[in-house]
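Chain residues, written in single-letter form:
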Amino acid sequence: MTRIIADISVSLDGFVTGPDPGPDNGPGTGGEALHTWAFSDDPDDRRVLRQGTARSGAVVLGRRLFDVVDGPNGWDDKTGYGAGEVGKPAFVVVTSSPPESVRLANLDWTFVTTGLPDAVTTARHRAEVASSDSGQELDVVLMGGGATVGSALDAGLVDTLSVHLAPVVLGAGTPLFTGGAPRMLVQRSVTSTSTATHLTYDVL
């Protein structure tokens, strides 16, 4: 069964970017520290990254995050989805206005203008097709940004929450949680390295 997995890096004080994120400033001032683990040589960090990339049958992201990864300082042939792993699943972008052009035209982009639930449904279908083609069970990964992940949790769309807790305090930026209904979680795994604590929860 295809799972919906929200997978995101967050600071100790709850931010998924530093201040002033955007196409010209990536994850915001200081926000690159959130993703140090993804470029680490630690074998546990590499395993978490490799497994997460390999299980991705389709990926959902919001428009602001799309503008960062498709921007001039975004992904390239060496660093993309999955950092150095550079996975190439189907990408589904939630947006009210599709872009006129895409720099990363070698990737499979679908732009959904009818809301997050429809984007998740589209991504689930793409992941199921990819699962059938590959002969292995693949999942939908919600990679962010914070508002997309938070909205998905509030809407009850998420089966699993995977958080990479970085040992950094940013002081400001984009918060992961901004309120919403309480959600019960069951902790399934914890892996600690010098660059992150990788936490996995089932969402009830």
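Note that the coordinates shown come from a computational prediction; the quantities given were computed from them, not determined experimentally. (Residues numbered from 1 in each chain as written. Predicted model: local features only at pLDDT ≥ 70, side-chain atom pairs only at ≥ 80, totals over all residues. Heavy atoms only, no water.)

K.L.:
How should the overall build of the protein chain be read in this particular structure?
P.N.:
Within the protein chain, the regular secondary structure consists of 4 helices and 10 strands. Counting from the amino terminus, the protein chain carries its helices and strands in the arrangement β-β-α-β-α-β-β-α-β-α-β-β-β-β. In terms of C-alpha radius of gyration, the protein chain reaches 16 Å, essentially the compact-globule figure of 17 Å for 204 residues. Projected onto its principal axes, the C-alpha positions of the protein chain cover 40 × 35 × 35 Å. Out of the 204 residues in the protein chain, the part that is buried amounts to 46%. Within the protein chain, contacts between residues at least 6 apart in sequence are counted, and of these 71% link residues at least 24 apart. When the accessible area of the protein chain is evaluated, it comes to approximately 9,900 Å², of which 52% is carbon and sulfur surface. Charge centroids of the protein chain, computed over 14 positive and 24 negative side chains, lie 4 Å from each other. (Helix = DSSP H or I, 4+ residues; strand = E, 2+ residues; numbered from the N terminus. Rg over C-alpha atoms; globule rule 2.2 N^0.38 Å. Buried < 20%, exposed > 50% of the residue type's maximum accessible area, 1.4 Å probe, protein only. Contact = heavy atoms within 4.5 Å. Areas by Shrake-Rupley, 256 points an atom, 1.4 Å probe, with all protein chains shown as cover. Lys, Arg positive; Asp, Glu negative; His and termini not counted. Charge placed at Lys NZ, Arg CZ, Asp CG, Glu CD.)

K.L.:
Looking at this structure, I do not really get unusual backbone geometry. What am I missing?
P.N.:
A negative phi holds for most residues other than glycine; trans holds for most peptide bonds. With an omega of 0°, the peptide bond running from Gly 144 to Gly 145 counts as cis. Mapping Gly 145 onto the fold places it in the loop between β6 (139-144) and α4 (146-154). Despite not being glycine, Asp 20 shows a phi value in the positive range, around 60°. With a relative accessible area of 60%, Asp 20 lands in the exposed category.

K.L.:
What should I look at first to understand the pairing of strand β9 (residues 185-192) in this one?
P.N.:
Sheet analysis places β9 next to strand β10 (residues 197-203), joined by 7 bridges and oriented antiparallel. Its bridge partner lying in β10, Ser 189 is registered against Thr 200. Taking the residues that link successive antiparallel strands as the turn, the β9-β10 hairpin has 4 residues. (Pairing = 2+ DSSP bridges.)

K.L.:
Explain the sheet that holds β6 to me, please; I cannot follow it from the model alone.
P.N.:
For sheets, the rule is that strands pair by backbone hydrogen bonds, running either parallel or antiparallel. Judged by pairing direction, the sheet is mixed, and its 8 strands sit side by side in the order β5-β4-β3-β6-β1-β7-β10-β9 without closing on themselves. Either end of the sheet is taken by a strand with one partner, and the two such strands are β5 (108-112) and β9. Averaged over neighbouring strand pairs, the angle between their axes works out to 25° when direction is ignored. Set on the sheet, helix α1 (residues 43-54) makes contact with β3 (56-62), β7 (160-166), β9 and β10; between it and β3 the angle comes to about 95°. Strand contacts of helix α3 (residues 116-134): β1 (4-11), β3, β4 (90-94), β5 and β6, with the helix running at about 160° to β3, the strand carrying the most contacts. (Axes fitted to C-alpha atoms, helices over the stretch in contact; angles between N-to-C directions.)

K.L.:
Sorry, what's going on with the pairing of β10 here?
P.N.:
Remember that side chains alternate between the two faces of the sheet whenever the strand is regular. In terms of strand pairing, β7 meets β10 through 6 bridges, oriented antiparallel. Bridge assignment links Leu 161 to a residue of β10, and that residue is Tyr 201.

K.L.:
Please explain α3 as it appears in this structure.
P.N.:
The α-helix advances 3.6 residues per turn, and as a result positions three or four apart in sequence lie on the same side. Taking 1.5 Å as the rise per residue, α3 with 19 residues should run 27 Å; its terminal C-alpha atoms sit 26 Å apart, in good agreement. Taken as a whole, α3 has its buried residues at Leu 116, Ala 119, Val 120, Ala 123, Ala 127 and Ser 131. Take α3 and look down its axis: the buried residues cluster within an arc of 110°, on one side only. Turned more than 90 degrees away from the buried face of α3, the exposed residues are Thr 121, Ser 132 and Asp 133. In this fold, the buried residues of α3 make contact with β1, β3, β4, β5, β6 and α4. In the stretch just after α3, Gly 135 is the one whose phi turns positive, near 80°. (Expected span 1.5 Å × (residues − 1). Arc of directions from axis to C-beta.)

K.L.:
Hey, could you run me through the environment of Thr 174 in this one?
P.N.:
In this structure, Thr 174 sits in strand β8 (residues 174-175). The partly exposed category is assigned to Thr 174, whose relative accessible area is 26%. Spatially, the C-alpha atoms of Thr 174 and Val 86 are 25 Å apart, while their sequence positions differ by 88 residues. Separated by 2.8 Å, the side chains of Thr 174 and Thr 17 make a polar contact. (Polar contact = N/O pair within 3.5 Å; in protein donor to acceptor, adjacent residues only side chain to side chain.)

K.L.:
Explanation requested: the packing of aromatic side chains in the structure shown.
P.N.:
For any pair of aromatic rings, geometry is given as the distance between the ring centres together with the angle between the planes. Taken as a whole and assessed by the stated rule, the structure comprises 7 aromatic pairs. What links up through ring pairs into an aromatic cluster is the set Phe 66, Trp 75, Tyr 81, Phe 91, Trp 109 and Phe 111. (Phe/Tyr/Trp six-rings, centres within 6.5 Å; stacked < 30°, edge-to-face > 60°.)

These figures capture arrangement, not role.
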